[in-house]
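Residues per chain, in single letters:
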Amino acid sequence: MRLFRGQRAWLVQRISALLVLALLAAGGLALLLGPPLDHARWHALATGVHGGPLIMLLFAALCAHAWVGMRDIVLDYVQPRALRLSVLTLVALVLFAVLVRVLLTLAAHFAPPG
Amino acid sequence: MKLSIYRFNPETDDRPRMQAYEIEPEAGDKKLLDVLMRLRTVDDSLSFRRSCREGVCGSDAMNINGRNGLACLTALAGLKEPVVLRPLPGFPVIRDLIVDMTQFFAHYHAIKPYLINDGPPPEREHLQTPEQRARLDGLYECILCACCSAFCPSYWWNPDKFIGPSGLLQAYRFIADSRDTATAERLDYLDDVYRLYRCRTIMNCTEVCPKGLSPSHAIERIRLALLQRSS
Amino acid sequence: MAKPGDARPVFLDLFRIRFPIGAIASILHRASGVLLFLALPPLALGLEMSLRGEAQFEALRSLLPAPWRIVIGTILAWAATHHLLAGIRHLLMDVGVGSALGTARASARAVLAIALLAALFAAWRGLS
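Residues numbered from 1 in each chain as written. Chains lettered and ligands numbered in written order. Predicted model: local features only at pLDDT ≥ 70, side-chain atom pairs only at ≥ 80, totals over all residues. Heavy atoms only, no water.

Undergrad: Looking at this structure, I do not really get the overall build of chain C. What am I missing?
TA: Of regular secondary structure, chain C possesses four helices and zero strands. In sequence order, the secondary structure elements of chain C are arranged as α-α-α-α. The C-alpha radius of gyration of chain C comes to 20 Å, more than 25% above the 14 Å expected for a compact globule of 128 residues. Dimensions of chain C, computed from the C-alpha atoms along their principal axes, are close to 60 × 40 × 30 Å. Residue burial in chain C is summarised as follows: out of 128 residues, 36% are buried. For chain C, long-range pairs separated by at least 24 residues make up 72% of all intrachain contacts whose partners lie at least 6 apart in sequence. For chain C, the accessible surface area stands at approximately 7,200 Å², while carbon and sulfur atoms represent 73% of it. Across chain C, the mean location of the 12 positive side-chain charges is 12 Å away from that of the 6 negative side-chain charges. (Helix = DSSP H or I, 4+ residues; strand = E, 2+ residues; numbered from the N terminus. Rg over C-alpha atoms; globule rule 2.2 N^0.38 Å. Buried < 20%, exposed > 50% of the residue type's maximum accessible area, 1.4 Å probe, protein only. Contact = heavy atoms within 4.5 Å. Areas by Shrake-Rupley, 256 points an atom, 1.4 Å probe, with all protein chains shown as cover. Lys, Arg positive; Asp, Glu negative; His and termini not counted. Charge placed at Lys NZ, Arg CZ, Asp CG, Glu CD.)

Have a look at this one:
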């Protein structure tokens, strides 16, 4: 698939939105169907062979989605070049930090059975 | 009838002001433009554009009680008083209700609003099936009054880079035309973070179009055409 | 908008423009998105805390003093609901579902109302 310069951001926004929706729906269903959520169950879910990567995917989609959205806001309301660059850098740093933090957390606890 | 009208004369005023008017419409006055014309017999300094006075030329677009519309199509009955008239939002004011539409028309010209066909010229004419012709309905009727673009927040923030709802509707009018062979070039031009993708589907354009057209729908079709092309 | 150096006035007083319901749903979609962006770092830290141990997991529920918990919980419930529903509305409109003016107005109203209800529900649950 060819991705064009204007279309790419739009597509990333839409695809990440669909991913977040699907993952939230799946996660909500998993939590609702089981017994009430306590630490043991949450830990097993979040460090499992499916749960861990899926939570990582959720955060990746959330961050991608947030990037496109925040960039759109900056492109609309922040016109001076220097200010625009600083705000975008700040947003990127925050999202990058979130991703690294989540990745480290999940990796540290990742415990697939066997 | 009470009115409050945005006044600005570049030769005498430093800043715009609102002027109150009171005038009795006469029996034949049905539309806002009728009252504006009558006002001009009282105050001939009041400036606004108008021409056909029946919603075809698109020159008397203005902000009427907070929404863009054509004075000639706005019925007096039901207008909340005082009727507050201001120039189209986001456009530089030349005088009173007259705005500078240079940038708006620059976007219109940039989307090449004419049929491009590289094929050999047909002996008589390019024929279309009724279905092909029907795809232009809701697109060709645009009168370029700028009500939509001047009501679009995305256009307010980036009027120099975002083509705006009117220009994009016109662009799709030629993309959808079976006789046009420049579809790829047209899509190339539109595929840009600013030109097309500033649109956030707010739909203010469709809300105020005095011809009942839907620029937001045209934009949706352009995005889908780009998606189809890239997959 | 006027270019720099252009002395001509521009009318763009947003408080004197009457925004249609779709525009209100749209600007709140944006505002709720910013709130959710701001919630991402605390969310990442919360994830870390929740996995560290049973005590920390339980402590998460009472991390903030009561009034703040309710206020922030209510705001985030509104933001998440509004953003999600407005997003679904846009995804559907992308493929031509509900993009006619009448339906779009109705769905904008529905999004605004349901998000408000979600906020009320969150506040009520926090208080009881």
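Undergrad: Teacher, can you tell me more about the interface of chain C and chain A here?
TA: Many structure descriptions define interface size as the accessible area lost when the parts assemble. Between chain C and chain A, the residue contacts involve 23 residues of the former and 33 residues of the latter. For the pair chain C and chain A, the two sides together bury roughly 2,300 Å², of which 75% comes from carbon and sulfur. In terms of surface lost to chain A, no three residues of chain C exceed Arg30(C), Phe37(C) and Leu51(C), which account for 30% of the buried area on that side. At the boundary of chain C and chain A, one finds three salt bridges. Ionic pairing is found between Arg14(A) and Asp94(C), a salt bridge with its closest N-O pair at 2.6 Å. Applying the counting criterion to the chain C and chain A interface returns seven residue pairs in polar contact (both at pLDDT 80 or more). (Buried area = accessible area lost by both parts, 1.4 Å probe. Salt bridge = Lys/Arg side-chain N within 4 Å of Asp/Glu carboxyl O. Polar contact = N/O pair within 3.5 Å; in protein donor to acceptor, adjacent residues only side chain to side chain.)

Undergrad: Help me understand the packing of aromatic side chains in this model?
TA: How two aromatic rings sit relative to each other is given by the distance of their centres and the angle of their planes. Taken as a whole, this structure holds ten aromatic pairs over all chains when the rule is applied. Relative to Trp124(C), the ring of Phe121(C) lies with its centre 5.8 Å away and its plane at 35 degrees, an arrangement referred to as tilted. Here Trp124(C) and Phe121(C) lie together in helix α4 (residues 101-127), a separation of three residues that amounts to about one turn. A residue is classified by how much of its surface remains accessible, and Phe121(C), at 47% relative accessible area, is partly exposed. What links up through ring pairs into an aromatic cluster is the set Phe91(B), Phe104(B), Phe105(B), Tyr108(B) and Tyr155(B). The ring of Phe174(B) carries Arg173(B) above its face, with NZ or CZ at 4.2 Å from the centroid. Positioned above the aromatic ring of Tyr194(B) is the side chain of Arg198(B), whose terminal nitrogen or guanidinium carbon lies 5.7 Å from the ring centre. (Phe/Tyr/Trp six-rings, centres within 6.5 Å; stacked < 30°, edge-to-face > 60°. Lys NZ or Arg CZ within 6 Å of the ring centre and 35° of its normal.)

Undergrad: Hey, could you run me through the nonpolar core in this one?
TA: Here is a general trend for soluble globular proteins: nonpolar side chains tend to be buried in one another's company. By size, the foremost hydrophobic cluster in this structure holds 72 residues, and its most contacted members are Leu3(B), Ile5(B), Leu32(B), Leu36(B), Leu85(B), Leu190(B) and Ile222(B). Lining this core are residues from two domains, each supplying at least three of them: domain 1 (2-99) and domain 2 (102-230) of chain B. Setting aside anything within four residues of it in sequence, one finds Leu36(B) in contact with Ile5(B), Leu46(B), Phe48(B), Met62(B), Ala71(B) and Leu85(B). Core analysis: the second largest hydrophobic core is formed by 20 residues, Ile55(A), Phe59(A), Ala66(A) and Leu95(A) among them. (Core = buried A, V, L, I, M, F, W, Y, C linked by side-chain atoms within 4.5 Å. Domains from an automatic or database assignment.)

Undergrad: Would you explain unusual backbone geometry in this entry?
TA: All names here are of chain B. A cis geometry characterises the amide bond from Glu 81 onward to Pro 82, with omega recorded as -5 degrees. If you trace the backbone, Pro 82 turns up in the loop between β4 (67-70) and β5 (83-86). At Arg 53, a position not held by glycine, the phi torsion is positive, near 55 degrees. Along the polypeptide, Arg 53 turns up in the loop between α1 (32-42) and β3 (61-64). Overall, Arg 53 belongs to the exposed group, its relative accessible area being 52%. Despite not being glycine, Asn 65 shows a phi value in the positive range, around 50 degrees. On the secondary structure map, Asn 65 appears in the loop between β3 and β4. Classification of Asn 65 by relative accessible area gives buried; the value is 16%.

Undergrad: Any chance you could explain helix α5 (residues 164-175) of chain B here in plain terms?
TA: Along an α-helix, residues three or four positions apart point the same way, because every turn accommodates 3.6 residues. Residues and elements named next belong to chain B. Between the first and last C-alpha of α5 there are 16 Å, a value that for twelve residues agrees with the 16 Å anticipated at 1.5 Å per step. Of all twelve residues in α5, twelve are buried; the element is thus mostly enclosed. Turning to α5, its buried residues are Gly 164, Pro 165, Ser 166, Gly 167, Leu 168, Leu 169, Gln 170, Ala 171, Tyr 172, Arg 173, Phe 174 and Ile 175. On its buried face, α5 sits against α2 (102-110), α4 (153-157), α6 (183-190), α7 (204-208) and α8 (215-230). (Expected span 1.5 Å × (residues − 1).)

Undergrad: Where do I start with the layout of surface pockets in this structure?
TA: A probe as big as a water molecule, rolled over the atoms, marks out the empty space that is left. In this structure, the second largest pocket spans a volume of roughly 450 Å³. Lining the second largest pocket are 22 residues, and of these Ile64(B), Asn65(B), Gly66(B), Leu79(B) and Arg18(C) sit closest to its centre. Sorting the residues of the lining of the second largest pocket by element identifies β4 and β5 of chain B as the ones contributing at least two each. It is β4(B) that contributes the most residues to the lining of the second largest pocket, four residues altogether. Here the lining of the second largest pocket is composed, by residue class, of ten nonpolar, six polar and six charged. (1 Å grid on protein atoms, 1.4 Å probe; cavity = no way out; pocket = protein on both sides within 12 Å on 5 of 7 lines; lining within 4 Å. Points joined across faces, edges and corners; volume = space filled by probe spheres on them. Nonpolar A, V, L, I, M, F, W, Y, C, P; charged D, E, K, R; others polar.)

Undergrad: Looking at this model, I keep getting lost on the sheet that holds β4(B). Mind explaining?
TA: Across a sheet, paired strands are connected by hydrogen bonds in the backbone, their directions being either parallel or antiparallel. Residues and elements named next belong to chain B. On the basis of which strands lie adjacent, the open sheet formed by five strands has the order β2-β1-β5-β3-β4 and mixed pairing. Only two strands of the sheet have a single partner each, and these edge strands are β2 (17-22) and β4. Each strand axis lies, on average, 35 degrees off the axis of its neighbour in the sheet, ignoring direction. Sheet topology places strand β1 (residues 2-7) next to β2; six bridges connect them, and they run antiparallel. Across the sheet, residue Ser 4 finds its bridge partner in β2, namely Ala 20. Across the sheet, α1 is in contact with β1, β2, β3 and β5; its angle to β1 comes to roughly 70 degrees. (Pairing = 2+ DSSP bridges. Axes fitted to C-alpha atoms, helices over the stretch in contact; angles between N-to-C directions.)

Undergrad: Please explain the environment of Val91(A) as it appears in this structure.
TA: Relative to the helices and strands, Val91(A) is located in helix α4 (residues 81-109). Spatially, the C-alpha atom of Val91(A) lies 23 Å from that of Leu21(A), the residues being 70 residues apart in sequence. Sequence-distant contacts of Val91(A), defined by excluding residues within four places in its chain, comprise Trp67(A), Met70(A) and Phe37(C).

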